[in-house]
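Understanding the architecture of this molecule
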Amino acid sequence: MSNFVFSSYRDLRDALLSKSISVESVVSAYLSRIEAKAHLNAYLAVFKESALAHAKVLDEKLASGKPIGKLFGMPIAVKDNIAMKGEKLTCASKILENFTSIYSATVIERLLSEDAVILGKTNLDEFAMGSSNENSAFGAVKNPINESCVPGGSSGGSAAAVGGDLALVALGSDTGGSVRQPASFCNVVGLKPTYGRISRYGLVAFGSSFDQIGVLAKTAEDAALVLEVMAGEDPMDSTSSNKPVEDYARASLDPKQLRIGVPKEFFTDALDPEINAMIQTVLEKLKAQGATLAELSLPHSEYALATYYILATAEASSNLARYDGARYGYRAKEITDPTDMYVKSRSEGFGKEVKRRIMLGTYVLSAGYYDAYYRKAQKVRRLIRNDYLNAFEQVDVILSPTSPVPPFKFGEKMHDPLTMYLADIYTVPMNLAGVPAISVPIGLNAQGLPIGLQLIGNLFSESTLIGASKLVEATREHSF
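Below or above, wherever it landed, is the structure these notes cover.

What counts and how
- Residues numbered from 1 in each chain as written.
- Predicted model: local features only at pLDDT ≥ 70, side-chain atom pairs only at ≥ 80, totals over all residues.
- Heavy atoms only, no water.
- Pairing = 2+ DSSP bridges.
- Helix = DSSP H or I, 4+ residues; strand = E, 2+ residues; numbered from the N terminus.
- Axes fitted to C-alpha atoms, helices over the stretch in contact; angles between N-to-C directions.
- Parallel < 35°, antiparallel > 145°, perpendicular 65-115°, else oblique.
- Left-handed = near helix turned anticlockwise from the far one by under 90°.
- Contact = heavy atoms within 4.5 Å.
- Nonpolar A, V, L, I, M, F, W, Y, C, P; charged D, E, K, R; others polar.
- Expected span 1.5 Å × (residues − 1).
- Buried < 20%, exposed > 50% of the residue type's maximum accessible area, 1.4 Å probe, protein only.
- Arc of directions from axis to C-beta.
- Polar contact = N/O pair within 3.5 Å; in protein donor to acceptor, adjacent residues only side chain to side chain.
- Phe/Tyr/Trp six-rings, centres within 6.5 Å; stacked < 30°, edge-to-face > 60°.
- Lys NZ or Arg CZ within 6 Å of the ring centre and 35° of its normal.
- Patch = residues over 30% accessible without salt bridge, like charges linked within 9 Å, V, L, I, M, F, W, Y side chains within 5 Å.
- Areas by Shrake-Rupley, 256 points an atom, 1.4 Å probe, with all protein chains shown as cover.
- Salt bridge = Lys/Arg side-chain N within 4 Å of Asp/Glu carboxyl O.

It is worth spelling out the sheet that holds strand β7 (residues 259-263) at this point. Strands in a sheet are paired, the pairing made by backbone hydrogen bonds, and the direction either parallel or antiparallel. Spatially, β1-β3-β2-β4-β6-β5-β10-β11-β9-β7-β8 is the arrangement adopted by the 11 strands of the open sheet, whose pairing is mixed. A single partner strand is all that each edge strand has here, and the edge strands are β1 (43-46) and β8 (292-296). Put simply, the sheet's adjacent strands are angled 25 degrees from each other on average, direction ignored. Judged from the two bridges that link them, β7 and strand β9 (residues 397-401) form a sheet pairing that is parallel. Of the residues in β9, the one forming a bridge with Ile260 is Val397.

Pasting the structure below:
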């Protein structure tokens, strides 16, 4: 521990329980760093007063000998598309710039019930639509590892907060890779659970059949611990699962019992050669420890990106219809005609990428095109899901790249949406299939840019995924 920078929550908790440091001193240190690194633009709102007040309450709780929570004193950042009562909920969009949430998401209530401290709300691509965090109405986030590069998206603020030691853990949302890709770009762990493992109540909807709240952390164990607290059935979300929540943080695997699938479709000339080489090195280390490697095929992978951008935009078009300038959010001024007000409010309130996706989604749902695009994409989605479920009859986890490229420069892909969408080529299939996946950092390339690899698990196999992630972490020569 130096300057209250911790490599894991275990280190922090030990220091807090020994009373060598206080929650208040830890929170103060994080708040000071947030202020010092404000140029990263990771946070849209910092809860300085409430975080310090909560920290004092927790210190008193420990001093009085009362039982403390699983996340006692853990400083957490929250992506600004997750509701917190009495706080702004902007989704990094002008259309919700002045909107304040009237309730808290289930995940927020569960974190606070286990004594976590919420430091603030983090920046994102507007309405979670983007892969670089350049689509925020409040400015781009800088990558804390290399400030000339993007942090990834859409949970770029959360990834930058953890990577830049502005939070120990952060919440993100993952619709097509929005936790895992920025985790890879910012040298942190990013976990997307099985669809339904975590309640979506209080998460602003983008693609309701894809969206899942995820965790960004420094270690797989920390991500697992937060997952453990947030997971479980919620009567406020009918899609949440009633499967029992396991002791994810303690998950471990014997490498000799681990069967790793390596999909041939993911290791082609499209993959950056240096990323490929680094992943092959990790595979060899795992093999040397006794893990079994098996090449496998996911034959419908080539259709995943097109399928995702048909279905996700269709759902976005439907979900974002509620922002009409009439009920809440931004309203165009000095317009009396309701139709003009609706059109102008949405035209002025939404950014370019959000409008692009709404138009695409409306198109694929329109009469004459619904069967050709939306219905066909739903059928292909089922084929993709079957590919994964069939693969898990042969292997325990699938290993792949997280991103086809290292972090890229600002502006490099903004003028070519298709090139930008390709940044998600290895992450969208898991959202289509509903299976869990995690990005684990494996080191820096020759240019000093972070690289992550992705582990994919069967439905509700988060314990296996965490155990495998710990094995990958152990292959790194240098810790954080």
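The axes of two packed helices give the description: the angle between them and the distance between them. At a minimum axis distance of 8 Å, the contact between helix α2 (residues 23-36) and helix α3 (residues 48-63) shows a crossing angle of 160 degrees. Put simply, α2 runs roughly antiparallel to α3. Crossing of α2 over α3 shows right-handed handedness. From α2, Val23, Glu24, Val27, Ser28, Leu31 and Glu35 reach across to α3, where they touch Lys48, Ala51, Leu52, Ala55, Lys56, Leu58 and Asp59. Of the residues contributing to the contact of α2 with α3, the split by class is seven nonpolar, one polar and five charged.

Taking 1.5 Å per residue as the helical rise, helix α10 (residues 338-349) with its 12 residues ought to reach 16 Å, and the 16 Å between its terminal C-alpha atoms agrees with that figure. Three or more residues of α10 are buried, namely Met341, Ser345, Arg346 and Gly349. Projected down its long axis, α10 shows its buried positions confined to an angular sector of 115 degrees, all on one face. On its buried side, α10 packs onto α11 (352-365). With a side-chain oxygen lying 3.2 Å from the backbone nitrogen of Thr339, the N-terminal cap of α10 falls on Asp337.

On to the environment of Ile108, then. Take Ile108: it is sitting in helix α4 (residues 106-113). Residues Ile108 and Thr239 lie 131 residues apart in sequence; the distance between their C-alpha atoms is 18 Å. Setting aside residues no more than four positions away along its own chain, Ile108 makes contact with Val78, Ile82, Ala83, Met84 and Leu171.

Turning to the packing of aromatic side chains, a few remarks are in order. Considering all chains together, one arrives at 15 aromatic pairs under this definition. Ring centres 5.8 Å apart and planes at 90 degrees place the aromatic pair Phe185 and Phe408 in the edge-to-face group. Of the two residues, Phe185 is situated in helix α6 (residues 180-185) and Phe408 in the loop between β9 and α13 (417-421); the sequence distance between them amounts to 223 residues. A relative accessible area of 3% means that Phe408 is categorised as buried. Ring geometry for Tyr323 against Phe350: centres 6.3 Å apart, planes inclined by 90 degrees, an arrangement best described as edge-to-face. Of this pair, Tyr323 sits in the loop between α9 (304-319) and α10 while Phe350 is found in the loop between α10 and α11, placing the two residues 27 residues apart along the sequence. An aromatic cluster is defined as three or more aromatic residues linked by ring pairs; in this entry it consists of Phe99, Phe127, Tyr323, Tyr328 and Phe350. The side chain of Arg381 reaches across the aromatic face of Phe210, ending 4.2 Å from its centre. Across from the ring centre of Phe408, 5.0 Å away, lies the NZ or CZ of Lys413, which sits over that ring.

For the rest of this paragraph, the subject is a nonpolar patch on the surface. A contiguous nonpolar patch, built from Leu360, Tyr363, Tyr369 and Tyr373 and spanning about 350 Å² of accessible area, is present on the exposed surface. Topologically, Leu360 is positioned in helix α11.

This brings us to the pattern of salt bridges. Enumeration according to the criterion identifies 13 salt bridges in this entry. Note that Asp165 is salt-bridged to Lys218, the shortest N-O span being 2.4 Å. Here the residue Asp165 occupies a position in the loop between α5 (156-163) and β4 (169-173), and Lys218 occupies one in the loop between β6 (213-217) and α7 (220-230), the gap between them amounting to 53 residues. On the basis of relative accessible area, Asp165 is assigned to the buried category, the value being 16%. Glu348 is the salt-bridge partner of Lys344, the closest N and O atoms lying 2.6 Å from each other. Highlighted residues: Lys344 and Glu348, both in helix α10, separated by four residues, approximately one helical turn. Residue classification places Lys344 among the partly exposed residues on the basis of a relative accessible area of 40%. Here the salt bridges share partners, and the residues they tie into one network are Glu353, Arg356 and Arg357.

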